[in-house]
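# Fold and contact review
Chain by chain, the residues:
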Amino acid sequence: GPPAAARAPGAAVDNKFRPRHYNEMDELLLKTFANQMAIALFSHEQHEQEKQRLRLEETLRDTSLIIGESLEQKEVLHRILEEMKKVLPFDTASIQLADGDAKSLHIIANSGFDELEYVEKLSFSLEGDFPNVRVYKRMEPLHYDDVQEHFSHFSNPHYRATHIRGWLGAPL
């Protein structure tokens, strides 16, 4: 078949309950309508992408304003998480930094957890096998559809992460 980029995004189908003889004019009419449908679908998709781009642009602008308004790091980070949730919905999220001697990652801000203060006292040894440590060491994004299948500590109540299944991380 043709390469994926050259394939039609779908098909327009005309069905009858009884046998019918179709001719070239019928095919031409259906093809004409199908082209109009494809244009409408493409236009709608472009419009949705533009709306998403504008939402992202607005959120990034708001985030820049937040950073400029406040010098209180904790407040800035919490507000950035709030803005991020508008374009990348999440149930819980955290911002983590390596300590000065690069032995562990510490949660310095979080959102959505029941015990915010407790969670901000958690740390993850850079010697351990944690997904956030992998992101830090590899310096590239990483995701898991069900992180509990890969990392047992998510089922440990100490980490307050027993509810987490889908997981996405990116380096700072």
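Basis of the calculations
Residues numbered from 1 in each chain as written. Predicted model: local features only at pLDDT ≥ 70, side-chain atom pairs only at ≥ 80, totals over all residues. Heavy atoms only, no water. Salt bridge = Lys/Arg side-chain N within 4 Å of Asp/Glu carboxyl O. Helix = DSSP H or I, 4+ residues; strand = E, 2+ residues; numbered from the N terminus. Buried < 20%, exposed > 50% of the residue type's maximum accessible area, 1.4 Å probe, protein only. pLDDT = per-residue confidence, 0-100. Contact = heavy atoms within 4.5 Å. Phe/Tyr/Trp six-rings, centres within 6.5 Å; stacked < 30°, edge-to-face > 60°. Lys NZ or Arg CZ within 6 Å of the ring centre and 35° of its normal. Pairing = 2+ DSSP bridges. Polar contact = N/O pair within 3.5 Å; in protein donor to acceptor, adjacent residues only side chain to side chain.

This paragraph deals with the pattern of salt bridges. In the structure shown here, the tally under the stated rule is nine salt bridges. For glutamate 50, the salt bridge identified is with arginine 53, shortest N-O distance 2.6 Å. One end of the pair, glutamate 50, and the other, arginine 53, are both in helix α1 (residues 24–69), three residues apart, so they sit about a helical turn from each other. Note on glutamate 50: relative accessible area 34%, which makes it partly exposed.

Moving on, we come to the confidence of the model for the chain. Chain-level pLDDT for the chain is 79 on average; 78% of the residues reach the 70-or-more range. Overall, residues 1–8 carries pLDDT values under 50, and its contacts beyond four positions in sequence, including any with other chains, amount to one contact.

Next up on the list: the packing of aromatic side chains. Enumeration according to the criterion identifies five aromatic pairs in this entry. Judged by centre distance (5.2 Å) and plane angle (85°), the rings of tyrosine 144 and phenylalanine 151 are edge-to-face. With relative accessibility at 11%, the residue tyrosine 144 sits in the buried group. Above the ring of tyrosine 118, the side-chain terminus of arginine 160 is found at 3.8 Å from the ring centroid.

This part takes up the pairing of strand β2 (residues 104–111). Within a regular strand, side chains alternate between the sheet's two faces. Burial analysis of β2 places six of its eight residues in the buried class, which makes it a mostly covered element. Note that strand β1 (residues 93–98) and β2 share six bridges and pair antiparallel. When the sheet's bridge partners are listed, alanine 93 is paired in β2 with serine 111. Remark: five residues form the turn of the hairpin made by β1 and β2, two consecutive strands paired antiparallel; alanine 102 in that turn has positive phi of roughly 50°. Across three bridges, β2 lies against strand β3 (residues 123–125) in antiparallel orientation. Within β3, the residue paired with serine 104 across the bridge is serine 125.

In this section: the side chain of serine 104. Within the secondary structure, serine 104 is located in strand β2. Its relative accessible area of 9% is what places serine 104 among the buried residues. Of note is the side chain of serine 104, whose polar atom sits 3.0 Å from the side chain of aspartate 99. Within the structure, serine 104 has its side chain in polar contact with the side chain of histidine 106 (distance 3.0 Å). Those residues in contact with serine 104, other than ones at most four positions away along the chain, are Leu97, Ala98, Asp99, Ser123, Phe124, Ser125 and Leu126.

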